[in-house]
Amino acid sequence: MRFLESRDCYSSPRDVYRVAKARGMDLVTITDHDSIDGCLELLDRHPDARDVFISEEASCWFPGADVQVHLGVYGLDERLHRDLQPLRRNVFDVARCLREAGVFFALNHLLHFYRGQVPLDTYLRLIDEVPALEVRNGTMLPAHNALVEELAAAWNAARPLGRIGGSDAHTLRRIGRTWTEAPGESAVDFLRSLRAGRSRACGAHGATADVTADAYGVMYRYCASLLGRGPRDHTIARRAACLAFSVVSLPAQFLPLAIVARGKRREAQEVARARAALSGLFEEIRA
């Protein structure tokens, strides 16, 4: 995707909002990677909207290790968004900044990038830095989400820990299929309930088919954009070159499915290893 200069999502903010509302969402936010442009576009179109608030997914790094960490940040403003960007090389610096700002945030898809780069107990120090965990991600395996849910219960013995869900949808197909429920008549009330830990995650888990469908959906929209049906991200010459590559590579279009399937196998293996390593902790909880 970097070589082809493809986006990882071609859904317009307007369509995301429309589909989310049609599927029953009272409030809507978009957590793009390190960008709040989608939310700002929605608010620019609907400046008086009370059912939209600004969020993003901050892509951070665990210091001293090649582990990416994603934090879902909810209800921030443009100034805080700018303040976060130079801190993202150290997830602990980002978490400290967010705590000081009093903004609600969560540690997303806990084991998605974890492959034993640091000891598990060292990695799980992250949970002490956040007010909430994403315990249901619409692309993660049920076993992955269940393990994070159990970890949230374990940490709750020491301090309250919020629980959220998110679709992680890169196409319109899964928008609103996984969500967070919390009391509140407005976005302000909803975020207050999240901070108080009065929330629950609901909806679908993920599997190979879900992620693969997103991948092919993005590929389709990418090719459509090269033909002029969508955002104009490339020069005419670049569009011609990328379109030629896309045509030549058609026989290899089974590869996204193979890559996703391999990733899901690795996810299942990592979850099984983590569960085995944490078995003593869970026995203490059950006792």
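Residues numbered from 1 in each chain as written. Predicted model: local features only at pLDDT ≥ 70, side-chain atom pairs only at ≥ 80, totals over all residues. Heavy atoms only, no water.

I'd like a rundown of the packing of helix 8 (residues 208-226) against helix 9 (residues 236-248), residues and numbers included.
Axis separation between helix 8 and helix 9 bottoms out at 9 Å; the angle between their running directions is 135°. Classified by the interaxial angle, the pair formed by helix 8 and helix 9 is oblique. Helix 9 is crossed by helix 8, and the crossing has left-handed handedness. Contact residues: helix 8 offers Tyr 222, Cys 223, Ser 225 and Leu 226, while helix 9 offers Arg 239, Cys 242, Leu 243 and Ser 246. Partitioning the contact of helix 8 with helix 9 into residue classes produces five nonpolar, two polar and one charged. (Axes fitted to C-alpha atoms, helices over the stretch in contact; angles between N-to-C directions. Helix = DSSP H or I, 4+ residues; strand = E, 2+ residues; numbered from the N terminus. Parallel < 35°, antiparallel > 145°, perpendicular 65-115°, else oblique. Left-handed = near helix turned anticlockwise from the far one by under 90°. Contact = heavy atoms within 4.5 Å. Nonpolar A, V, L, I, M, F, W, Y, C, P; charged D, E, K, R; others polar.)

Please give an account of a nonpolar patch on the surface that cites residues and values.
Taken together, the side chains of Phe 254, Leu 255 and Ile 259 make up a nonpolar region of the molecular surface, amounting to roughly 320 Å² of accessible area. If you trace the backbone, Leu 255 turns up in helix 10 (residues 255-277). (Patch = residues over 30% accessible without salt bridge, like charges linked within 9 Å, V, L, I, M, F, W, Y side chains within 5 Å. Areas by Shrake-Rupley, 256 points an atom, 1.4 Å probe, with all protein chains shown as cover. Salt bridge = Lys/Arg side-chain N within 4 Å of Asp/Glu carboxyl O.)

Break down the environment of Thr 208 for me, citing the residues and quoting the values.
Summarising the element assignment, Thr 208 is placed in helix 8. For Thr 208, a relative accessible area of 26% translates into the label partly exposed. Considering only alpha carbons, one finds Thr 208 and Gln 269, 61 residues apart in sequence, at a separation of 14 Å. (Buried < 20%, exposed > 50% of the residue type's maximum accessible area, 1.4 Å probe, protein only.)

Can you explain helix 9? Please cite residues and give values.
Spanning 13 residues, helix 9 covers 18 Å between terminal C-alpha atoms, matching the ideal 18 Å at 1.5 Å per step. All buried positions along helix 9 are accounted for by Arg 239, Cys 242 and Ser 246. In a view along the axis of helix 9, the buried residues occupy a sector of 70°, so they form one face of it. The exposed residues of helix 9 that point more than 90 degrees off its buried face are Ala 237, Val 247 and Val 248. Where helix 9 is buried, its residues touch helix 8. (Expected span 1.5 Å × (residues − 1). Arc of directions from axis to C-beta.)

These figures come from the coordinates and say nothing about function on their own.
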